[in-house]
Each structure stands twice: as structure tokens, then as C-alpha cells.
Amino acid sequence: MGSAVKKSALLLCGDYMEAYETMVPLYILQSFGVSVHCVSPNHTIGDRCVMAAHDFLGLELYTELVVDQLTLNANFDDVTPEDYDVIIIPGGRFTEILSADEKCVALVARFAESKKLIFTSCHSQVMLMAAGLLAGGVKCTAFESMKTLIEFSGGEWWQQPGIQSIFEITDCVKDGNFVSMIGWPTLGHGIKVLLESLNAKISSLKENQTSVLFLIGDYVEDYGINVPFRALQALGCKVDAVTPNKKKGEMCATVVYDLEEGRQLPEEKRGHNFFVSLSWEDVCVDDYDCVVVPGGRSAELLVMNEKAVDLVKKFAEKDKVFAAIGQGKLLLAATGVLKGKRCASGKGMKVMVKVAGGEAVESKGCVTDGKLVTAATVSDLPAFLSELSTALGVSVMF
């Protein structure tokens, strides 16, 4: 990804911010060459903020699950709104505290005064209320519990028509320099609107729509499926996620790996639910340009399933693009796709790559070898997205 104009984004952070709504825009913007500064009041570079996953687990309201932490890369007190093109405020309980912080409210107001883009999600629209930015009928959406407060603040509540469930929502709303979303289910379209608002030019070498198939299962890595899935949606690609033993609309559990200081390996924590978008029997290899296998323990499940192995072999016979993150290379190894190929690999996958006939590359987080794109870990997702987009003939320029 190359850019004629350098873009910069400010990500306003705090403890218990929504992980999905933080990491998806962070990694996607970085992959397209946007500089992203992550800051939090009363914190400095190197400090960490706790992130949480909010999802429905069979109860009447969403459950909050602590997942991992984000390391800040800039100082709040050094922020000058004129240096940025957009401020992104994820959802999460941290916005309740920040909405009472005069410095944070003043910062958001300064972005508005400078006609900079303000991107909010789920509950972070409270920052717009605190700064008095909704007065005059600004059109806004959010998690539905915020509806009355938005209207009390002088805003106009907007909701996508014909929706029966939060998971059917695909849209967001833009009014002037304000972009708001109901929450993480809308991030694919939300990121698309964000890119367009930053004057991004998205182009493809293909005349027809690029199509990508994700092979997943229970305990797929949360960011490993959600970040590339939403990124490719934002780029206008057709994306589907399938698993051998579940139907369209059924749920796969995801996991997040949180490495705490002093431990050899990260702790595995439950992440967001991910819903299968296509039933297995409806998959046709000819309909897709690429197959992606995210990381997580789901790769162990897939490699033991003959249907999954056979499907990857069919992609190989058709000379399609292959991509894998972390443990996802296990499924590609079982089908012979890694033989003679250079693969990005952390220590945990090094032996597996070698016995499969590949060359494990530990010096780079992401490696492209022909039509094979691999990433060592989810931390390498920005480079992975950039190289996968290139392999698919899709580009983003500012």
C-alpha cells in the first residue's frame, strides 16, 4: 500500500475499551499507511490499557469479558488536533470516565472546531454529548440504550430500517464530520465510510468483485478472523466464513491470547462470537479468489476434518491465493501448500513449517511467496493485510 498523502489518526483509549472496536480500525488503518497514535489521559507512552470484549452470551444484555491490553504509543498531553485527520473513540465503559474529564471533552470539541472527522461507536457517542456537539439535530446512531440521551442532547436518532437483531445491522451514519456506528457488527461498512471520508481511493485489478473465503472453527483467533474479514469488506470484497460442521448463522467461539509479563506463553481468553456466513454445502471453489485460514486452535479442528483438507486441496488445484496467520498454517501444511515455500513463522510453528517442506522465516512478521501470504502472529496483521490486498490486486491510496 502506498500513499501520495500521509494521513494520521488519533485513537482515544482507556481501560475497558471495546477490544474489537479498537483493534480493527487500528490494524486496518496501519495496513493502509495511516499513522495511528494511541493515547489516554493521565497515561504516557508504554503504559497499557485493558481491553474488553462485549458480546451476547445467552443473557438479556451483553457480557463483558476482559481479553488483553493495548500499549500506548503517544502522550495525551502532546496531542494537537491539527496534526490529525480523524479521532477514533471506541466503545466501552472507559468513555463514562472520559466524558467527565474536562481535558478529553475539550480535545473532542477542538477536533470538531477544526472540522476534523470524529468516529464513534456503541457508547462513545457520550463524548459528543459531553462536548455539546449533537445540538441542532446532528444525525447519530449508537447502542440503543443511548437513544434517549442522544435525543436529549439535541441529536437526531438514526437506525437502519428493517432490522430485527443487532447482528443484522450493516450500516452506520455520517452527518458532516461525524461518523457513528451502533457497535462492532457494523465495522466493515464503518471502516469503508471512514476510508472514504479520508479521501481514500480503492481500486482493483479485477473487473469482477474479489471474493475471499475464510475457513474457521471454534476457538479461532478473534483478531485473526475479525480484522481481515472487516478489512476486506471495507475494500468492497465479497467475504464469507465457513466451517465444516455448522450452518449459516451458527456461531463459532473465538479466543484472544494475552501475554502477561514473566510468562512463556499467553493466556487464552474467550473473545467475541463469530457467525458463519455460509453453509459448507454452498461453498464453490470457483466463486472465490482466495482462501484464508486464521490462527487459533481452530486449525487443529480443521486439519482433522477431511472436508476441510479436501477443500484446501481444491483451491490448490485451481491455483488460487492462499493466506494463513499463526496456527492457521497447520491446515495448509496438511495439504502440501507450504512445500518449497517461505513462510513467516514464530517459534511455535517453526517445526511444523519445516516438516511440511517449507522454510520458516522468523526475521519477518509477514512473508509473500508467490500466491502464498503468511503472518507469524496477529501482531503482524497490518503487514499481512497490506500484502494480502496486493496479492488480490486491491489497492488503497490517499
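The rules we used
Residues numbered from 1 in each chain as written. Predicted model: local features only at pLDDT ≥ 70, side-chain atom pairs only at ≥ 80, totals over all residues. Heavy atoms only, no water. Helix = DSSP H or I, 4+ residues; strand = E, 2+ residues; numbered from the N terminus. Rg over C-alpha atoms; globule rule 2.2 N^0.38 Å. Contact = heavy atoms within 4.5 Å. Areas by Shrake-Rupley, 256 points an atom, 1.4 Å probe, with all protein chains shown as cover. Lys, Arg positive; Asp, Glu negative; His and termini not counted. Charge placed at Lys NZ, Arg CZ, Asp CG, Glu CD. Buried < 20%, exposed > 50% of the residue type's maximum accessible area, 1.4 Å probe, protein only. Axes fitted to C-alpha atoms, helices over the stretch in contact; angles between N-to-C directions. Parallel < 35°, antiparallel > 145°, perpendicular 65-115°, else oblique. Left-handed = near helix turned anticlockwise from the far one by under 90°. Nonpolar A, V, L, I, M, F, W, Y, C, P; charged D, E, K, R; others polar. Domains from an automatic or database assignment. Buried area = accessible area lost by both parts, 1.4 Å probe. Salt bridge = Lys/Arg side-chain N within 4 Å of Asp/Glu carboxyl O. Core = buried A, V, L, I, M, F, W, Y, C linked by side-chain atoms within 4.5 Å. UniProt positions renumbered as here; feature names shortened; annotations may be inferred. Disulfide = S-S within 2.5 Å. Polar contact = N/O pair within 3.5 Å; in protein donor to acceptor, adjacent residues only side chain to side chain. Pairing = 2+ DSSP bridges.

**Q** What's the story with the overall build of the chain in this structure? I'm lost.
**A** The helix and strand inventory of the chain stands at 12 helices and 24 strands. Compactness check: the chain gives a C-alpha radius of gyration of 21 Å against a globular reference of 21 Å for 398 residues, within 12% of the reference. Taking the contacts inside the chain whose residues are at least 6 apart along the sequence as the reference set, 70% of them involve residues at least 24 apart. Element-wise, carbon and sulfur atoms account for 49% of the exposed surface of the chain, whose accessible area totals about 16,500 Å². Averaged over its 37 positive side-chain charges, the chain has a centre that lies 7 Å from the centre of its 50 negative ones.

**Q** Looking at this structure, I do not really get helix H12 (residues 381–391). What am I missing?
**A** It helps to recall that an α-helix has 3.6 residues per turn; residues three or four apart then point in one direction. Every buried residue of H12 is accounted for by Leu381, Pro382, Phe384, Leu385, Ser386, Leu388 and Ser389. At the exit of H12 stands Gly393, carrying a positive phi of roughly 80°.

**Q** It is not clear to me how the packing of helix H1 (residues 19–31) against helix H6 (residues 187–197) should be interpreted in this structure. Could you clarify?
**A** What describes two packed helices is the angle between their axes and the distance between those same axes. Contact geometry for H1 and H6: axes closest at 11 Å, N-to-C directions at 45°. Considering the angle they form, H1 stands oblique to H6. Relative to H6, the crossing made by H1 is right-handed. For the pair H1 and H6, the contacting residues are Tyr20, Glu21, Val24, Pro25, Ile28 and Leu29 in the first and Leu187, Ile191, Leu194 and Leu195 in the second. Considered class by class, the residues forming the contact of H1 with H6 number nine nonpolar, no polar and one charged.

**Q** For this particular structure, what's the right way to read the domain arrangement of the chain?
**A** Interface size, as often reported, equals the accessible area lost upon joining of the parts. Assigned domains of the chain: these are domain 1 (8–199) and domain 2 (206–397). Between the C-alpha centres of domain 1 and domain 2 the distance comes to 28 Å. Taken together, the 31 residues of domain 1 in the interface contact 25 residues of domain 2. In total, domain 1 and domain 2 occlude about 2,300 Å² of area from one another, counting both sides; carbon and sulfur atoms represent 64% of this. A per-residue breakdown of the area domain 1 buries against domain 2 is headed by Tyr20, Tyr27 and Phe32, which together make up 27% of the total. Joining domain 1 to domain 2, the criterion identifies zero salt bridges.

**Q** It is not clear to me how the nonpolar core should be interpreted in this structure. Could you clarify?
**A** The nonpolar side chains of soluble globular proteins are, as a tendency, buried together. Phe214, Tyr223 and Phe384 are the most contacted members of the largest nonpolar core, which totals 106 residues. With eight residues, the single largest contributor to this core is H1. Viewed by domain, this core spans two of them, domain 1 (8–199) and domain 2 (206–397), each represented by three or more residues. Those residues in contact with Tyr223 that sit more than four places away from it in its chain are Ala19, Met23, Met51, Val67, Asp68, Pro228, Val256, Val378 and Leu381.

**Q** Looking at this structure, I do not really get the UniProt feature "domain: DJ-1/PfpI" (unreviewed entry) in the chain. What am I missing?
**A** Per the UniProt annotation, the sites labelled "domain: DJ-1/PfpI" (unreviewed entry) are residues 7–186 and 211–389. Secondary structure over residues 211–389 splits into 31% helix and 29% strand, and the C-alpha atoms at its two ends are 12 Å apart.

**Q** Looking at this model, I keep getting lost on the state of the cysteines. Mind explaining?
**A** Linking two cysteines covalently through their sulfur atoms gives a disulfide. The tally for this structure, following the rule as stated, stands at zero disulfides. Cysteine Cys13 shares no disulfide, and the gap to the nearest cysteine sulfur, in Cys38, comes to 4.8 Å. The buried category is assigned to Cys13, whose relative accessible area is 0%. Between Cys252, a cysteine without a disulfide, and Cys290, which holds the nearest cysteine sulfur, the sulfur-to-sulfur distance is 19 Å.

**Q** Honestly, the side chain of Thr254 in this entry has me stumped. Any pointers?
**A** By the secondary structure assignment, Thr254 is in strand E16 (residues 251–258). One polar contact links Thr254 to Asp222, side chain to side chain, over a distance of 3.3 Å. A distance of 2.6 Å separates a polar atom in the side chain of Thr254 from the backbone oxygen of His272. Discounting chain neighbours no more than four positions away, the residues touching Thr254 are Tyr219, Val220, Glu221, Asp222, Ile225, Lys269, Arg270, Gly271, His272 and Phe274.

**Q** Can you walk me through the sheet that holds strand E5 (residues 63–71) in this structure?
**A** Note: strands within a sheet are paired through backbone hydrogen bonds, in either parallel or antiparallel orientation. If you trace the three strands from one edge of the open sheet to the other, you get E2-E4-E5, paired in mixed fashion. Only two strands of the sheet have a single partner each, and these edge strands are strand E2 (17–18) and E5. Across two bridges, the pairing between E2 and strand E4 (residues 48–55) is parallel. Within E4, the residue paired with Met17 across the bridge is Met51.

**Q** When you look at the pairing of strand E11 (residues 178–181) in this model, what are you seeing that I'm missing?
**A** For a regular strand, the rule is simple: side chains alternate between the two faces of the sheet. Because side chains alternate across E11, one face comprises the buried residues Phe178 and Ser180, and the other comprises Val179 and Met181, equally buried. For strand E7 (residues 117–121) and E11, the ladder comprises four bridges, and the chain directions are parallel. Bridge pairing in E11 links Phe119 to Val179. Summarising the sheet, strand E10 (residues 173–175) and E11 pair through three bridges and their orientation is antiparallel. Note that in E11 the partner of Val173 across the bridge is Ser180. The turn linking E10 back onto E11 is made up of two residues, and Gly176 within it adopts a positive phi angle of 65°.

**Q** Can you help me understand the pairing of strand E19 (residues 321–325) in this one?
**A** Summarising burial for E19: five of the five residues are buried, a large majority. In E19, alternate side chains face the same way, and those of Val321, Ala323 and Ile325 on one face and Phe322 and Ala324 on the other are all buried. In this sheet, E19 lies alongside strand E18 (residues 290–293) in parallel orientation, the contact comprising four bridges. Note on E19: the bridge partner recorded for Cys290 is Val321.

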